[in-house]
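Take a look at the letters that make up each chain.
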Amino acid sequence: LPGIPALAAGEVPSYEVHIQPLVKRYCVACHRAGKENNNYLMGSYEEILNGGDNAGKNVTAGSMDSYLVVVINGTEILDPKTGEVLIRQMPPSKLLKPEYIDMLTRWIMAGMPNTAAEAQALSAEAPPPQATPTP
């Protein structure tokens, strides 16, 4: 789809290049002011990182337990006291394509870099692929 660049192998996604167009297409229709969304707004980098009734749990750098990672993979988050559903899978009607789930997951696991330059620096830190010796 145009507008959401594909990730290269080993590339760390940035909010600026990858996540902003992804959430604009799939999330902001509901995750904006005036909608029922646990006050979790996704219109800006700061809102994604710091917003919502579950602030601090929605996205946690390097954590596969981040609520966003859990719900985009189709798992509901339950209230530990009552067992009631706190957050449904997202999007609620149909999960994102696997490459977009991967993109969001890689972004969170890399520490949620904002700019392309920050993501590029993280990508550069990854060890280069090892050449396989030919017999």
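Caption draft 1: Just the overall build of the chain, in detail. For the chain, the helix and strand inventory stands at five helices and two strands. C-alpha atoms of the chain, sized along the principal axes, occupy 60 × 30 × 25 Å. For the chain, long-range pairs separated by at least 24 residues make up 50% of all intrachain contacts whose partners lie at least 6 apart in sequence. Side-chain charges of the chain comprise 10 positive and 14 negative groups, with the mean position of each set lying 9 Å from the other.

Caption draft 2: View of helix α4 (residues 98-109). Compared with an ideal rise of 1.5 Å per residue, which puts 12 residues at 16 Å, α4 spans 16 Å between its outermost C-alpha atoms and is within 8% of the ideal. Those residues of α4 not exposed but buried are Tyr 100, Ile 101, Met 103, Leu 104, Thr 105, Trp 107 and Ile 108. On its buried side, α4 packs onto α1 (15-26), α2 (45-50) and α3 (67-72).

Caption draft 3: Inspection of the pattern of salt bridges at higher detail. Overall, the coordinates contain one salt bridge when judged by the stated rule. For the salt bridge of Arg 106 with Asp 102, the shortest nitrogen-to-oxygen distance reads 3.0 Å. Here the residue Arg 106 and the residue Asp 102 both occupy positions in helix α4, the gap between them amounting to four residues, near one helical turn. Taking relative accessible area as the criterion, Asp 102 reaches 35% and is therefore assigned partly exposed.

Caption draft 4: Spatial organisation of α1. Between its terminal C-alpha atoms α1 stretches only 14 Å, short of the 16 Å expected from 12 residues at 1.5 Å a residue. Buried residues of α1: Tyr 15, His 18, Ile 19, Pro 21, Leu 22 and Val 23, and no others. Residues of α1 that are buried sit in contact with α2 and α4.

Caption draft 5: Here's a closer look at unusual backbone geometry. The omega angle of the peptide bond from Met 90 to Pro 91 is -15°, so this bond is cis rather than trans. In this structure, Pro 91 sits in the loop between β2 (85-87) and α4. In this structure, Asn 38 is a non-glycine residue whose phi angle is positive, near 55°. Summarising the element assignment, Asn 38 is placed in the loop between α1 and α2. Owing to a relative accessible area of 34%, Asn 38 belongs among the partly exposed residues under this scheme. A positive phi is found at Met 112, a non-glycine position, where the angle reads about 55°. Here Met 112 lies in the loop between α4 and α5 (116-125).

Caption draft 6: Inspection of the environment of Ala 119 at higher detail. Relative to the helices and strands, Ala 119 resides in helix α5. Note on Ala 119: relative accessible area 3%, which makes it buried. As a C-alpha pair, Ala 119 and Gly 74 span 45 residues in sequence and 27 Å in three-dimensional space. When sequence neighbours within four positions are dropped, the list of residues in contact with Ala 119 reads Val 12, Pro 13, Ser 14 and Pro 113.

So, how was this worked out
- Residues numbered from 1 in each chain as written.
- Predicted model: local features only at pLDDT ≥ 70, side-chain atom pairs only at ≥ 80, totals over all residues.
- Heavy atoms only, no water.
- Helix = DSSP H or I, 4+ residues; strand = E, 2+ residues; numbered from the N terminus.
- Contact = heavy atoms within 4.5 Å.
- Lys, Arg positive; Asp, Glu negative; His and termini not counted.
- Charge placed at Lys NZ, Arg CZ, Asp CG, Glu CD.
- Expected span 1.5 Å × (residues − 1).
- Buried < 20%, exposed > 50% of the residue type's maximum accessible area, 1.4 Å probe, protein only.
- Salt bridge = Lys/Arg side-chain N within 4 Å of Asp/Glu carboxyl O.

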